[in-house]
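Residue-level structural notes
One letter stands for each residue in the lines below.
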Amino acid sequence: MEREGQIRIPAGCAIAALVSRDGSKTSGEAITNAMKPMRDRSNGLGGGFAAYGIYPEYKDFYALHLFFDSRDVRKGCEAFLKERFEIVQSEIIPTRKIPEITDEPIIWRYFVAPLQSQLKSAQLDGDEFVSRAVMKINAQMDGAYVFSSGKNMGAFKAVGFPEDVSRFYRLEEYQAYQWTAHGRYPTNTPGWWGGAHPFGLLDYTVVHNGEISSYDANRRFIEMFGYKCTLQTDTEVITYIMDYLLRVQRLTLTETANVIAAPFWSAIEQLSDAEERARLRYLRAVFPSLLITGPFSIVLGFNGGLMALNDRLKLRSMVVGEKDDKVFVASEEAAIRAMEENVENVWSPAGGEPVVVRVKEGAF
Amino acid sequence: MGVDFLYPEFEVVRNASRCTNCRLCERQCANEVHSFDAESGVMLADDSKCVNCQRCVAFCPTRALKIVESDCKFRSNANWSDQTIREIYKQANSGGVLLSSMGNPNRLPVYWDRILVNASQVTNPSIDPLREPMETRVFLGKKPARIKRDAQGRLDVRLEPQIELAVPIMFSAMSYGSISYNAHESLARAATELGIMYNTGEGGLHEDFYKYGPNTVVQVASGRFGVHERFLLAGAAIEIKMGQGAKPGIGGHLPGAKIVGDVSRTRMIPEGTDAISPAPHHDIYSIEDLRQLIFSLKEATEYQKPIIVKVAAVHNIAAIASGIARAGADVIAIDGFRGGTGAAPTRIRDNVGIPVELALAAVDRRLRDEGIRNNVSLVVGGSIRSAADVVKAIALGADACYVATAALVALGCRLCRTCQSGKCNWGIATQRPELVKRLDPELGSRRLVNLVSAWRHELMEMMGGMGINSVEALRGNRLMLRGVGMTEKELQILGIAHAGE
């Protein structure tokens, strides 16, 4: 059977997110509870979480999470990393043996800083350097896969139901100001850990429910800019689009939402504000190949906040709620209530309407 | 008679029991096939003059006429076809180059017909275009590599000049001269109503049609006929014609007989002189020369007009297109070997160039591999026959399609492939006033609007089926395509999987 990346596998899913605007931290327990009432949205073939603010002691270093098929691959990959990075810490990611999760690869994390000499000779900034190293490992190094690469954050994923994945990775032991989660329902059975979500590049992570019909148009465009879509999943290409628009093109979150879930021309033409009309027209004219069509609800996580977004027709459910400093996002309201029984202001954002939550400056 | 006698290709079959001797067929046929014999009181037909344009068939009020292919053929031979033998007799008699019109009619692969389109099932909903917005608007032209902002952080929304199309379809170049005034007016009016473009071809722009400028692409070809400053400024874009799919590598020749009256004035050449466009542009012998022409035209129009460079699909098209993109073109138009023509040497039309499907796939991939696909838009033509071809072309990577033969068919053309005679009974490829007036621009433009509107509906239906609600998300979306009955190599060049994969 072909592995994910060799074939394209559509999937339906569950997503959830929890963020504190004050930057107050919680363990992985609440977000894990959110996934339980949405068990029918997953089928045990993939679950995962992203946690922000979990590595304060290494906050200036890129935290690379990797899967390896074998010890030899790990050794080879470590040699590759040492040529490019100062590695201040390398360790096995602690896990717990449970019957629900089996066949795990070798799972390590490295806290690294790009070597100054390498940055100078490549004429790149740290983010771009790390991003290229990740692409290289994922596209070219058989049996090695970087599944998380941001600072002071990390993704944790596996083949299994999300709540089991959480137990496996001992997420109750981590403290984060923001959590996102994903349960996967692939329409095929690849059983590969790299194919689980969240998908991440640098500190951008994406959890996504949907199947985008624009996939190959998006992929073939974004691959012009050095991204390699090795997994053939929607989430992967969405992550790269986010990275390209936000980090490379320096668009704002709203502008990014206006590109990927662009307002319809008919809606743009009805706007009375000529400047706004010109702005939206410009974004659609410049980035037509990054319009994402087909159903999706996504939560984009980054250091200091998140953006939740639905496709412009709202073909997937997604609800948002608040309580005190906390904001919750999930595929279903039940999931939010599992995190916070007394949730307030629950609403369904309209298609294409981004919900941006930022953590107070200095609190993350 | 004798060695050069060739039995007519077509026979006029008249049903005597229906014919009323109204003589309408006689008046309709510029080839003078039909005549009335007063003595015997019956209609006669000279089959040898018939080109099978079906004008008489369409207009016979009693449906008394049909044209059939003659069965008087040479002894069948798989190697020496009837056509081949006939051509040899013609050349042995005349010593001349054979001429043909319209696109290559031979049995060569039509890749569009071997490509099938996807639809949503279960995991992803299809979208009903009758209930949901379905967008077909596209912009052709350079896209900036980096966005810019002003001091306040607002987006600088100025763009390089773009061609905005309500549907990703344009009428491709057909010169005034090769086709009639009324045909041009039909195209111009339809393009305006549809929010798309028509193309002047190489023959200048008739005074009366400057008002359609916002929906006009003006063409500069190797003969530079009718090119002057006002002409360049008149259109929404300028096209440099380097080549044509029907006759790659050669120029054009509009016989002096068609250079009459307004055609002569519009082309800026004396009446009755042959209009000969040289094979190359004599100021373009290399890619850097093309760059100079592109920028000369940009300078002349103050960088307000996007420049299209049109080339024929030839063997090395990917590298050529890459060079054109780097030469500063805003749009590359690729014309496939099935593209039409008003006249071309038969051997060239039927043997030179490659299928546009393969050329498009190769160019789109090459430009992406080089990271310059965003600097230029791709338009393909030659031949796009239906909305399905449009869908497939866009999914392979085209930004828009050029359509000419289908537009002429909509105006009445029966593809009899004798445009070079100048006696088009449908009033399209002719300059004879009595024939031109047969094409009513009001009705013609209506039919063109109908055709493109119908294609747009079909495009929307097919996109909706795929769960796509904007044509932008279809462009280059090759995962939506599968091949049938193709070799590995063909699939590899097209960049698509085989059905079942």
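No experiment lies behind these values; they were computed from the predicted model shown.

Scanning chain B for helices and strands turns up 15 helices and 21 strands. The C-alpha atoms of chain B give a radius of gyration of 24 Å, which matches the 23 Å a tight globule of 501 residues would have. Seen along its three principal axes, the alpha-carbon backbone of chain B occupies a region of about 90 × 60 × 45 Å. Every one of the 501 residues in chain B was classed for burial, and the buried ones make up 50%. A sequence separation of at least 24 residues applies to 69% of the contacts in chain B between residues at least 6 apart.

Let us now look at the packing of helix α4 (residues 181–194) of chain B against helix α14 (residues 441–465) of chain B. Residues and elements named next belong to chain B. Running from N to C, α4 and α14 cross one another at 45°; their axes reach a closest spacing of 8 Å. Between α4 and α14, the angle falls in the class oblique. In this structure, α4 crosses over α14, and the sense of that crossing is right-handed. Here Asn182, Glu185, Ser186, Leu187, Arg189, Ala190, Glu193 and Leu194 of α4 lie close against α14, whose contacting residues are Pro441, Gly444, Ser445, Leu448, Val449 and Val452. Residue classes in the contact of α4 with α14 are distributed as seven nonpolar, four polar and three charged.

Time to look at the sheet that holds strand β6 (residues 115–117) of chain B. All names here are of chain B. A sheet is described by the order of its strands in space; here three strands give the open sequence β6-β20-β21, paired in mixed fashion. Each having just a single partner strand, β6 and β21 (497–498) make up the two edges of the open sheet. The pairing of β6 with strand β20 (residues 481–483) spans three bridges and is classified as antiparallel. Bridge assignment links Leu116 to a residue of β20, and that residue is Arg482.

What follows deals with helix α8 (residues 317–326) of chain B. Counting along an α-helix, one turn takes 3.6 residues, and residues three or four places apart therefore face a common direction. All names here are of chain B. Taken together, the buried positions of α8 are Ile317, Ile320, Ala321, Ile324 and Ala325. The arc enclosing the buried residues of α8, seen along the axis, measures out at 140°, which places them on a common side. Looking at the buried residues of α8, the elements they touch are α7 (287–300), β15 (307–312), β16 (331–335) and α10 (356–369). A positive phi of about 105° marks Gly328, the residue just after α8.

Here we take up the pairing of β15(B). All names here are of chain B. Counted residue by residue, β15 has six buried out of six residues, so it is predominantly covered. Because side chains alternate across β15, one face comprises the buried residues Ile307, Val309 and Val311, and the other comprises Ile308, Lys310 and Ala312, equally buried. Both β15 and β16 contribute to a ladder of five bridges, which runs parallel. Residue pairing for β16: Lys310 is matched across the bridge by Ala333. Handedness of the crossover is the feature at issue here: the chain leaves β15, passes through α8, returns alongside β16, and the resulting connection is right-handed.

Once that is clear, we can look at the domain arrangement of chain B. Residue and element names in this part refer to chain B. With domains assigned, chain B is organised as domain 1 (10–96) and domain 2 (138–148 + 155–479). One C-alpha centre belongs to domain 1, the other to domain 2, and the line joining them spans 34 Å. The interface is formed by nine residues belonging to domain 1 together with seven residues belonging to domain 2. Grouping the amino acids of the side of domain 1 that touches domain 2 by side-chain chemistry returns four nonpolar, four polar and one charged.

Residue-level pLDDT values for chain B average 96, and 100% of them are 70 or greater. Prediction confidence for the complex, expressed as pTM and ipTM, is 0.93 and 0.91 respectively.

Cut-offs applied
- Residues numbered from 1 in each chain as written.
- Chains lettered and ligands numbered in written order.
- Predicted model: local features only at pLDDT ≥ 70, side-chain atom pairs only at ≥ 80, totals over all residues.
- Helix = DSSP H or I, 4+ residues; strand = E, 2+ residues; numbered from the N terminus.
- Rg over C-alpha atoms; globule rule 2.2 N^0.38 Å.
- Buried ≥ 20, exposed ≤ 12 C-beta atoms within 10 Å, placed from the backbone.
- Contact = placed C-beta atoms within 7 Å.
- Axes fitted to C-alpha atoms, helices over the stretch in contact; angles between N-to-C directions.
- Parallel < 35°, antiparallel > 145°, perpendicular 65-115°, else oblique.
- Left-handed = near helix turned anticlockwise from the far one by under 90°.
- Nonpolar A, V, L, I, M, F, W, Y, C, P; charged D, E, K, R; others polar.
- Pairing = 2+ DSSP bridges.
- Arc of directions from axis to C-beta.
- Right-handed = clockwise from strand over helix to strand, strands pointing away.
- Domains from an automatic or database assignment.
- pLDDT = per-residue confidence, 0-100.

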